[in-house]
Amino acid sequence: MEFKYDVIVIGAGHAGCEAAAAAANLGSKTCLITMDMNKIGQMSCNPAVGGIAKGQIVREIDALGGYMGLVTDKTAIQFRMLNRSKGPAMWSPRAQCDRGKFIWEWRYILENTPNLDIWQDTVEEILVENGEIIGLTTCWGVTFYAKCVVLTAGTFLNGLMHIGHKMLEGGRCAEPASYHLTESITRHGITNGRMKTGTPVRIDGRSVHFDMMETQDGENDFHSFSFISKPRQLKQLPCWTTYTNNEVHDILRKGLPDSPLFNGQIQSIGPRYCPSIETKIVTFPDKGQHQLFLEPEGEDTRELYLNGFSSSLPMDIQLAALQKVPAFKDIVIYRPGYAIEYDYFDPTQLKHSLESKIIKNLFFAGQVNGTTGYEEAGGQGIIAGINAHINCHGGEPFILGRDEAYIGVLIDDLVTKGVDEPYRMFTSRAEYRILLRQDDADARLTERAYKLGLVKQDRYDAFCKKREEIDKIVNFAKKFSIKPDLINNALESIGTTPLSQGCKLIELLNRPQVTIENIAPHIDSFKNIIGSIDQKRDEIIEAAEVLMKYKGYIEREKIIADKIQRLESIKIKGRFDYELLQSLSTEARQKLKKIDPGTLAQASRIPGISPSDINVLLVLLGR
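My aim in this report is to walk through the structure given alongside it, one point at a time.

Inspection of the entire model under this criterion finds 48 salt bridges. Taking the shortest distance from any N to any O, the salt bridge between Arg335 and Glu303 comes out at 3.4 Å. Of the two residues, Arg335 is situated in strand S17 (residues 333-335) and Glu303 in strand S16 (residues 303-310); the sequence distance between them amounts to 32 residues. Taking relative accessible area as the criterion, Arg335 reaches 28% and is therefore assigned partly exposed. The partner of Arg444 in a salt bridge is Asp440, with the nearest N and O atoms 3.0 Å apart. A residue is classified by how much of its surface remains accessible, and Arg444, at 14% relative accessible area, is buried. The buried category is assigned to Asp440, whose relative accessible area is 11%. Here the salt bridges share partners, and the residues they tie into one network are Arg402, Asp412, Asp413, Lys417, Glu431, Glu568 and Arg605.

Now the structure itself:
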């Protein structure tokens, strides 16, 4: 049995869903192959989307015409904007989701996407001719031919789960692993490695003493992940916080000899910034407690997720330790935490389009590139899907710069620096955080996606309307002069110093105490402008206010980005035989040869490449 497609996507996790939807919506005949159609978009670990820097990525996926933001908004059971005490560059949306509804919402979207078929099967081998992928075969003996293939297999490639000394093959709890595919890829010269991740215990909520924990409610305001979402539709639920204690830690320490992480059973490296509870007590031996977050899995289930207690210790150790937390003294669990090892491929073997440098038209996205997190996977997936379509039908690769998107930072880090542990996005990884805010993702990316054809007309019209409203507010504030006798009473009432002379409204709005909402009622013409906004009013006001209050910071960062962009414009790919450049350090020669960066700026970000090495290349280029 044979099928032919433009694009085939292997795996229906967060990367695969975005990749398949993007390629199909752009017009490619696409097939998404998954081992289980009932687990499409499965949240393997935490039933939440977003968080610090991750929330910005989801906003960017949405701005590009992807679906993670829309699915999250529709299935959210709690929403919070993190880091509101800091500047807007750090604000990060995060939502708890109903795990089951998240899956079915994704499935509904994909089943109703034109040009997209879904096939339930396991891919075993890729087919390559003359260094170019031409298709694949499955365990059911089906052959698929394709112009491009996108691999998004998550943790399923030779997946091995660990609970104490017990080891079980699988890609996720109760789901089989995928075999032979890694070997099918590496025989063509692509190198791979092993990584580890983990997940915590799942708890029966009926056994929890909620009155012994602190309740953490969400924020039921206007914020969302998509600028075209409707208000939240599901019942909004609380989370809860509690802490471990020394009794918990004593039991965990006694179990360390049976921990796969510490007895040599697991050799691969896990995520540094999401460690297991046993790693925490070893790394921080003097810390008497660690915070735990108890999070609902859905609006119609008693199942709870214990964030902060990821573990691969034996089941009896996990249970005994948890029983020493007062709120969990009568705890009943659905299943224990476990660790999982899986294959990934060295991302320095990829182009910025996420196409392999070794096998033409083969793309990699998600955890197979050494990343961790649904958001990082989704961001890679949409870029891989876009570029797979472009490779099928012609055009320039679609690449986002580090000053354009966190997705651009993510991919550039992967392909120029590689990974030695699961890569997780943080705001600190981005040089231009003030340019990459969550509130302006659509302003940065929707125009590009519209020209590409991924953002359709109705969505683009909604964006243009929002942009016009923001511009109207900002332009009015720049031009409108305000006099002391008309505004001083209002200024005193909101706790700020009265004016001694007239000024432009934008200068007044730069004061921390002054906002559009508290000053507009005192200026009739300004109040009329604000009152005329008929949709997304609060979102538009917030975006306009950020632009005005942080104007100086934004302009300064743009100047810095423009300077760095000059190095991005200096193309060096294919211009040097690095082995012959003895004026470069040995490390520089080796790494430049291996990664073969496209531009001088990319070369400068490779670990081990010094400023003097860049100067040598500039001299050789005649600069």
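Attention now moves to the pairing of strand S10 (residues 160-163). Strand direction decides the pairing type here: S10 and strand S18 (residues 338-345), joined by 3 bridges, are antiparallel. From the neighbouring strand, His162 faces S18, where its bridge partner is Ala339. Direction of pairing for S10 relative to strand S11 (residues 166-169): antiparallel, over a ladder of 4 bridges. Residue pairing for S11: His162 is matched across the bridge by Met167. Turn length for the S10-S11 hairpin, with the two strands adjacent in sequence and antiparallel, is 2 residues, and the turn residue Gly164 shows positive phi of about 60°.

Before going further, it helps to spend a moment on the sheet that holds strand S4 (residues 76-82). Pairing is antiparallel in the open sheet, where 3 strands are placed in the order S3-S5-S4. In this open sheet, the two edge strands, each paired with only one partner strand, are strand S3 (48-50) and S4. Each strand axis lies, on average, 15° off the axis of its neighbour in the sheet, ignoring direction. In the sheet, S3 pairs with strand S5 (residues 92-97) via 3 bridges, with the strands oriented antiparallel. Of the residues in S5, the one forming a bridge with Val49 is Ala95. Of the strands in this sheet, S3, S4 and S5 touch helix H3 (residues 68-75), which is tilted by about 115° from S4.

This part takes up helix H21 (residues 611-620). Looking only at H21, the buried set comprises Asp613, Ile614, Val616, Leu617 and Leu618. In this fold, the buried residues of H21 make contact with helix H19 (586-595) and helix H20 (600-604). Two residues or fewer after H21 comes Gly622, characterised by a positive phi angle close to 85°.

Under the counting rule described, the total for this entry stands at 16 aromatic pairs. Centre to centre, the rings of Tyr450 and Tyr460 are 3.7 Å apart; their planes meet at 5°, and the pair counts as stacked. With a gap of 10 residues between them, Tyr450 in helix H11 (residues 441-452) and Tyr460 in helix H12 (residues 457-479) connect regions that are remote in the sequence. Given the relative accessible area of 10%, Tyr460 is considered buried. In this structure an aromatic cluster arises from ring pairing among Phe3, Tyr5, Trp119 and Phe144.

For the rest of this paragraph, the subject is the environment of Leu581. Mapped onto the elements of the fold, Leu581 is located in the loop between helix H18 (551-568) and H19. On the basis of relative accessible area, Leu581 is assigned to the buried category, the value being 14%. Once the C-alpha coordinates of Leu581 and Leu617 are considered, the two residues, 36 residues apart in sequence, prove to be 9.3 Å apart. Contact partners of Leu581, with chain neighbours within four places excluded, come to Phe576, Arg589, Leu617 and Leu620.

Here we take up the packing of helix H2 (residues 54-63) against helix H9 (residues 374-393). Packing of H2 against H9 brings their axes to within 9 Å, and their N-to-C directions diverge by 30°. Taken together, the axis directions place H2 and H9 in an arrangement best described as roughly parallel. Read as a crossing pair, H2 and H9 show a hand that is left-handed. Contact residues: Lys54, Ile57, Val58 and Ile61 in H2; Glu375, Glu376, Gly378, Gly379 and Ile382 in H9. Grouping the amino acids of the contact of H2 with H9 by side-chain chemistry returns 4 nonpolar, 2 polar and 3 charged.

The rules behind each value
Residues numbered from 1 in each chain as written. Predicted model: local features only at pLDDT ≥ 70, side-chain atom pairs only at ≥ 80, totals over all residues. Heavy atoms only, no water. Salt bridge = Lys/Arg side-chain N within 4 Å of Asp/Glu carboxyl O. Helix = DSSP H or I, 4+ residues; strand = E, 2+ residues; numbered from the N terminus. Buried < 20%, exposed > 50% of the residue type's maximum accessible area, 1.4 Å probe, protein only. Pairing = 2+ DSSP bridges. Axes fitted to C-alpha atoms, helices over the stretch in contact; angles between N-to-C directions. Contact = heavy atoms within 4.5 Å. Phe/Tyr/Trp six-rings, centres within 6.5 Å; stacked < 30°, edge-to-face > 60°. Parallel < 35°, antiparallel > 145°, perpendicular 65-115°, else oblique. Left-handed = near helix turned anticlockwise from the far one by under 90°. Nonpolar A, V, L, I, M, F, W, Y, C, P; charged D, E, K, R; others polar.

Worth remembering: the numbers are spatial, not functional.
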